[in-house]
Amino acid sequence: MTNTPTPTAESLRDKILHHVTYSMGKDAKHASIYDWRMALSLALRDRVVEPWFAATRKTWDQGRKRVYYLSMEFLSGRMLEDAAINLGLRATCRSAIEGLGLDWYEVIENEPDAALGNGGLGRLAACYMESMASLGCPGYGYGIRYEHGLFKQRFEGGQQVETPEDWLKQRHPWEFERPESAYEIGFKGYVETVDGKPHWVPGETVLAEAYDMPVIGWQGKWANTLRLWSAKPTEMFDLARFNHGDYAAAAEPEALARTLSRVLYPDDTTYAGKELRLKQEYFLTAAALQDILRRHLAADLSLEALPKHVAIQMNDTHPAIAGPELIRLLSDVHGMEFEHAIETAVQCLGYTNHTLLPEALEHWATYLMGTVLPRHMQIIEKIDSWHRRNHPNRPHFVGIVKHQEVRMGELAFITSHKVNGVSALHTELIKKNLFPELNKLHPGRIINQTNGITPRRWLRMANPALSHLIIDTIGEGWEGDLDRLRELEPHIEDSAFLDKFMAAKRTNKEHLAAWIAQSEGITLNPDAIFDIQVKRLHEYKRQLMNILQTISEWHEMRENPQADYQPRVKIFGGKAAPGYYAAKQIIRLIKDVAEVINNDPLIGDRLKIVYPANYNVSMAERLIPAADLSEQISTAGKEASGTGNMKFALNGALTIGTLDGANVEIREQVGAENFFLFGLTADEVMERRRDPEHARHAILESPVLQDVLQMIAEGRFSPDEPERYHDLVHNMWNSDYFLVASDFESYRSSQKEVDVAFGDRASWAKMAALNTARMGFFSSDRAIAGYMRDIWDTTSAL
Ligand code: 26V
């Protein structure tokens with residue numbers, strides 16, 4: 001597709017010098033690392049533009065169906081090296097940079113992460129954008145160009161402190177501002193009747209202005225667009241008010257606009273019902289839909305034909321106002337008959353559910369919806385009665401509007417032709433527990449699409465040591481066809497291969513240890529088991545159970561110092577939502593325990609705990625390739641899928657985990673003998689909760705856990721404030737909703753098995769290598785191919 005010749009290191013160096021001079025306006029003699037990073041990014045971006053245009057042109061010329069992925073979050077991370085890898089130019093870039101006398105890593109690490117997401121849901125959107133481009137699926141991502149991404153985390157006295165993230169204070173070299181693509185977005189106001197038809201007159205308006213980023217696929221064969229909307233005032237200020245001397249009021253339109261795309265909501269599990277959040281959701285959705293219809297009509301296509309040309313995927317319910325908005329545009333604005341508008345919308349829309357946690361399910365008070373979006377509130381009621389009419393046997397307790405609230409899950413379900421879960425277990429639980437009645441009324445609507453991760457970023461880019469071994473063993477091409485990793489299996493019996501596999505792991509562990517020594521001042525033994533739990537802090541993810549087991553291990557080492565322990569490094573990473581007290585206490589406990597254990601002279605380097613601040617995509621790229629053990633220990637039934645679990649196993653870590661989310665399928669793929677399983681199943685969890693005393697009973701059955709809780713309660717890890725964890729310990733005895741106590745002994749004995757298994761290095765190496773060899777299924781290419789076939793009804797344009 002690209003006609004321009006592949007650059008050499010020399011020609012690329014010339015391009016970089018050109019951009020330093022003419023784009024950055026710097027004399028090379030005085031250019032900073034920032035200038036060089038920008039210049040390299042711009043030189044690479046120049047290489048992306050041609051395939052990007054070519055893909056857009058081909059989509060138009062062939063009248064292709066387009067997929068629109070609507071998401072409030074895109075957790076992209078760094079972009080430079082990713083683009084270099086997909087263009088096949090990483091080595092060339094590196095020589096060019098080194099030829100200029102610069103350090104490659106310093107240049108790469110100069111780039112701030114694009115942290116426009118909270119966690120799994122946002123990172124999944126980024127992996128899916130990359131796979132759509134790699135598979136040649138014509139499509140657009142639509143999101144918000146938050147000025148401030150997810151907050152930065154620091155620790156002060158062991159406690160999390162949040163500071164604002166500011167990625168846009170620097171120039172963002174991958175985006176193109178499109179002032180010509182701007183739409184008016186309305187809020188509030190009233191609905192009037194004009195010529196017998198409803199007409200919404202908004203009371204406030206803002207402009208949504210587009211910023212485009214190219215997303216280049218594997219080997220540069222295709223590129224799509226990630227279009228992020230930034231809010232701008234429709235008028236800079238109210239001149240009449242200004243002239244009357246009311247200067248503050250004159251600036252109000254601008255103030256509203258600026259707040260809309262100012263900051264990402266940092267809470268990914270508790271829905272707060274805040275007006276600004278609802279406005280953000282509508283802002284994204286309304287801008288996207290106007291853009292989609294404009295593009296469709298520009299091709300002279302009829303709105304009748306919309307479902308043939310347009311597939312819209314809603315990433316959770318956050319953009320679920322898309323149903324009512326599309327129906328409004330089709331009927332109120334374009335004159336389509338109302339029921340026909342509903343049917344058309346349903347054929348275009350798909351909804352992915354990412355959580356069953358009740359506190360995360362969005363529901364808006366009808367008075368708020370009616371105030372912020374008065375016409376949409378009417379349309380929602382009409383959709384609900386249309387659905388009831390069409391399903392006379394619909395039980396009275398089922399519906400979109402209940403108890404003066406709009407339930408966004410039901411709305412998204414009813415306005416979509418497909419609803420999908422993100423792992424096999426999660427999908428079954430959606431059918432059984434979340435939407436049992438709607439599932440009966442719409443058999444076949446709920447389907448599964450197990451999550452995936454892009455192997456380009458999560459293996460090829462993040463783990464050069466292992467990637468090179470794979471290339472030396474089975475050749476290139478697995479990056480675009482991850483099932484080919486199975487070809488590694490015959491080499492599992494070859495001890496030379498296993499030695500190299502473990503040498504790659506060792507290299508990664510040494511790199512990580514060097515980084516931790518420098519950033520945390522803690523020396524790690526690279527022969528220890530690197531045991532890692534990185535993810536958002538949440539009670540259901542049970543970081544607490546991990547630290548309790550760590551304390552028990554420490555206690556045992558002190559009581560019985562002569563026994564044969566495998567040295568271990570426990571690594572934690574992750575942010576707590578700023579208002580989530582219990583999660584913040586768990587962070588503080590981990591930090592306090594680390595302080596005691598890391599300074600215990602009796603323990604030495606047999607046990608260390610590290611918790612580096614500000615876990616993000618870039619930190620994940622450092623940590624995951626260095627892991628021996630991946631902690632996936634959520635209460636069964638609570639983790640919809642997990643995707644970190646896939647990244648670890650692909651990079652040759654063994655999993656210690658429950659039968660939750662995609663762990664179930666990972667274990668099936670890699671083999672039960674290569675996975676450390678423990679804990680209650682989802683059914684057993686439900687059963688166990690029926691005993692109101694489950695926690696107390698479990699604790700009384702575990703003397704080890706009793707001791708651990710006793711030490712915490714006595715202030716062993718918080719001597720300056722012994723009562724610091726009284727609430728936490730009290731909660732363990734009396735409530736323990738996430739069944740930490742009930743799973744503790746099972747987890748602890750599984751950890752003992754890990755110790756024994758790690759003692760036999762040859763057998764560990766085999767298990768680790770088999771994990772890598774058998775993880776092909778979890779490529780996001782497989783997942784996207786599933787969406788294309790089962791939901792979007794589209795094919796590759798390659
Ligand atoms: C919910 C809310 C509630 C309102 C405030 C802002 C906000 C932001 C995000 C969310 C959704 C959280 C759901 C989520 O992230 N689920 C995760 O999705 C991953 C990708 O499918 C999956 O691997 C994880 O298991 C699941 O927890």
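In the annotation of an unreviewed UniProt entry, the entry for the chain reads Alpha-1,4 glucan phosphorylase, and the organism field reads Thioclava indica. A UniProt comment under Cofactor (unreviewed entry) is attached to the chain, and it reads "pyridoxal 5'-phosphate". Checking UniProt for the chain, the heading Subcellular location (unreviewed entry) contains the comment "Cytoplasm".

**Concerning empty space enclosed by the protein**
Applying the stated rule across the entire model yields 5 cavities of 30 Å³ or more. There is about 310 Å³ of room inside the largest cavity. Around the largest cavity, the lining comprises 19 residues; the ones closest to its centre are Ser 76, Met 79, Asp 82, Pro 214 and Val 215. Broken down by secondary-structure element, the contributors of at least two residues to the lining of the largest cavity are strand S2 (74–77), helix H3 (80–86), helix H6 (120–135) and strand S10 (204–216). Both domain 1 (1–62 + 80–111) and domain 2 (65–77 + 113–300 + 308–451 + 783–792) contribute no fewer than three residues apiece to the lining of the largest cavity.

**Let's talk about the environment of Ala 583**
Structurally, the position occupied by Ala 583 is in helix H23 (residues 581–598). Given a relative accessible area of 1%, Ala 583 falls into the buried group. Here the alpha-carbon distance between Ala 583 and Thr 205, two residues 378 residues apart in the chain, equals 38 Å. Excluding residues that lie within four positions of it along the chain, Ala 583 makes contacts with Leu 537 and Ala 576.

**Remarks on the pairing of strand S20 (residues 568–573)**
Where burial is concerned, most of S20 is hidden: 6 out of the 6 residues are buried. Residues of S20 alternate between two faces, with Arg 568, Lys 570 and Phe 572 on one and Val 569, Ile 571 and Gly 573 on the opposite face, all of them buried. In this structure, strand S19 (residues 529–534) lies alongside S20, joined through 6 bridges in parallel fashion. Following the sheet pairing, Gln 533 is matched in S20 by Phe 572. Where S20 meets strand S21 (residues 607–610), 4 bridges bridge the pair, whose relative direction is parallel. Within S21, the position partnered with Lys 570 by the bridge is Ile 609.

**Section: the domain arrangement of the chain**
Under the domain assignment used here, the chain contains domain 1 (1–62 + 80–111), domain 2 (65–77 + 113–300 + 308–451 + 783–792) and domain 3 (455–681 + 747–778). Of the residues lining the interface, 41 residues belong to domain 2; the matching set on domain 3 comes to 42 residues. Taken over both partners, the interface formed by domain 2 and domain 3 buries close to 3,100 Å², and the fraction arising from carbon and sulfur atoms is 57%. Three residues, Gln 153, Phe 155 and Trp 218, lead the burial of domain 2 against domain 3; their summed loss comes to 19% of the area buried on that side.

**Re the site of the ligand**
Taken together, 18 residues are adjacent to the ligand, and Asp 267, His 354, Asn 451, Glu 639 and Gly 642 come closest. For the ligand, an oxygen atom lies 3.0 Å from a polar atom in the backbone of Ser 641. It is H6 that provides the largest number of residues to the shell around the ligand, a total of 3 residues. By residue class, the composition of the shell around the ligand is 6 nonpolar, 7 polar and 5 charged. Two domains each put at least three residues into the shell around the ligand: domain 2 (65–77 + 113–300 + 308–451 + 783–792) and domain 3 (455–681 + 747–778).

**Comments concerning the nonpolar core**
Nonpolar side chains in soluble globular proteins generally cluster together in the buried interior. Ile 185, Trp 229, Phe 283, Ile 312, Met 369, Leu 548 and Trp 792 are the most contacted members of the largest nonpolar core, which has 244 residues in total. Among the elements that make up this core, the one with the highest residue count is helix H10 (residues 275–298) (10 residues). When near neighbours in sequence (up to four residues on either side) are disregarded, Met 369 contacts Leu 278, Ile 321, Trp 364, Pro 374, Met 377, Ile 380, Val 406 and Met 408. By size, the runner-up hydrophobic cluster in this structure holds 5 residues, among which are Ala 636, Leu 680, Val 685 and Leu 739.

**Regarding the pairing of strand S17 (residues 418–421)**
Looking at chain direction, strand S13 (residues 349–352) and S17 are connected through 3 bridges and run parallel. Its bridge partner being in S17, Tyr 351 is matched across the sheet by Val 419. Here S17 pairs with strand S18 (residues 446–448) via 3 bridges, running parallel. The residue of S18 that forms the bridge with Asn 420 is Ile 447.

**Regarding the UniProt feature "modified residue: N6-(pyridoxal phosphate)lysine" (unreviewed entry) in the chain**
On the UniProt side, "modified residue: N6-(pyridoxal phosphate)lysine" (unreviewed entry) is annotated at positions that read Lys 647 here. Mapping Lys 647 onto the fold places it in helix H25 (residues 644–650). If we skip the residues at most four places from it in the chain, Lys 647 touches Arg 123, Ile 453, Trp 458 and Ile 624.

**Digging into the environment of Ala 240**
Along the polypeptide, Ala 240 turns up in helix H7 (residues 239–243). Owing to a relative accessible area of 48%, Ala 240 belongs among the partly exposed residues under this scheme. Ala 240 sits 248 residues away from Leu 488 along the chain, and the two C-alpha atoms are 73 Å apart.

**What about the sheet that holds strand S1 (residues 66–70)?**
Adjacent strands of a sheet form backbone hydrogen bonds with each other and so pair up, either parallel or antiparallel. Within the open sheet, the 9 strands sit side by side as S7-S10-S11-S4-S1-S12-S13-S17-S18. Their pairing is mixed. Since the sheet does not close on itself, it has two edges, and those belong to strand S7 (176–187) and S18, each with one partner. Sheet twist, expressed as the mean angle between neighbouring strand axes with direction ignored, is 25°. Packing against the sheet, helix H17 (residues 424–434) makes contact with S17 and S18, and its axis sits at approximately 165° to S18.

**Observations concerning the packing of helix H9 (residues 252–260) against H10**
Put simply, H9 and H10 touch, their axes get as near as 10 Å, and they point 80° apart. By the angle between their axes, H9 is roughly perpendicular relative to H10. The residues of H10 that touch H9, namely those facing Leu 256, Thr 259 and Leu 260, are Leu 276, Lys 279, Gln 280 and Phe 283. When grouped by side-chain class, the residues that make up the contact of H9 with H10 number 4 nonpolar, 2 polar and 1 charged.

**Notes on the sheet that holds strand S23 (residues 654–657)**
Spatially, 6 strands are ordered S21-S20-S19-S22-S23-S24 in an open sheet, and the strand pairing comes out parallel. The two strands at the open ends of the sheet, each matched to only one other strand, are S21 and strand S24 (676–677).

**Quick word on the packing of aromatic side chains**
The description of an aromatic ring pair rests on the distance of the ring centres and on the angle between the ring planes. Applying the stated criterion to the full structure yields 23 aromatic pairs. Residues Phe 497 and Phe 501 carry aromatic rings whose centres are separated by 6.3 Å and whose planes lie at 45° to one another, so their mutual orientation is tilted. With Phe 497 and Phe 501 both in helix H21 (residues 495–520) and 4 residues apart, the pair spans about one turn of that helix. The pair Phe 497 / Phe 501 is uniform in exposure class, with both members buried. Taken together, Tyr 68, Tyr 140, Tyr 142, Tyr 183 and Trp 229 form an aromatic cluster joined through their ring pairs. For Arg 66, the ring lying beneath its charged end belongs to Trp 60, and the centroid distance is 4.7 Å.

**Digging into the packing of helix H29 (residues 703–713) against helix H30 (residues 726–734)**
Relative orientation of the contacting elements H29 and H30 amounts to 155°, with a least axis distance of 9 Å. Relative to H30, the element H29 is oriented roughly antiparallel. Judged by the twist between their axes, the crossing of H29 over H30 is left-handed. Residues Gln 706, Leu 709, Ile 712 and Ala 713 of H29 touch H30, and the partners they reach there are His 726, Val 729, Met 732 and Trp 733. Across the contact of H29 with H30, the residue classes tally to 6 nonpolar, 2 polar and no charged.

About the cut-offs
- Residues numbered from 1 in each chain as written.
- Predicted model: local features only at pLDDT ≥ 70, side-chain atom pairs only at ≥ 80, totals over all residues.
- Heavy atoms only, no water.
- UniProt positions renumbered as here; feature names shortened; annotations may be inferred.
- 1 Å grid on protein atoms, 1.4 Å probe; cavity = no way out; pocket = protein on both sides within 12 Å on 5 of 7 lines; lining within 4 Å.
- Points joined across faces, edges and corners; volume = space filled by probe spheres on them.
- Helix = DSSP H or I, 4+ residues; strand = E, 2+ residues; numbered from the N terminus.
- Domains from an automatic or database assignment.
- Buried < 20%, exposed > 50% of the residue type's maximum accessible area, 1.4 Å probe, protein only.
- Contact = heavy atoms within 4.5 Å.
- Pairing = 2+ DSSP bridges.
- Buried area = accessible area lost by both parts, 1.4 Å probe.
- Near = heavy atom within 4 Å.
- Polar contact = N/O pair within 3.5 Å; in protein donor to acceptor, adjacent residues only side chain to side chain.
- Nonpolar A, V, L, I, M, F, W, Y, C, P; charged D, E, K, R; others polar.
- Core = buried A, V, L, I, M, F, W, Y, C linked by side-chain atoms within 4.5 Å.
- Axes fitted to C-alpha atoms, helices over the stretch in contact; angles between N-to-C directions.
- Parallel < 35°, antiparallel > 145°, perpendicular 65-115°, else oblique.
- Phe/Tyr/Trp six-rings, centres within 6.5 Å; stacked < 30°, edge-to-face > 60°.
- Lys NZ or Arg CZ within 6 Å of the ring centre and 35° of its normal.
- Left-handed = near helix turned anticlockwise from the far one by under 90°.

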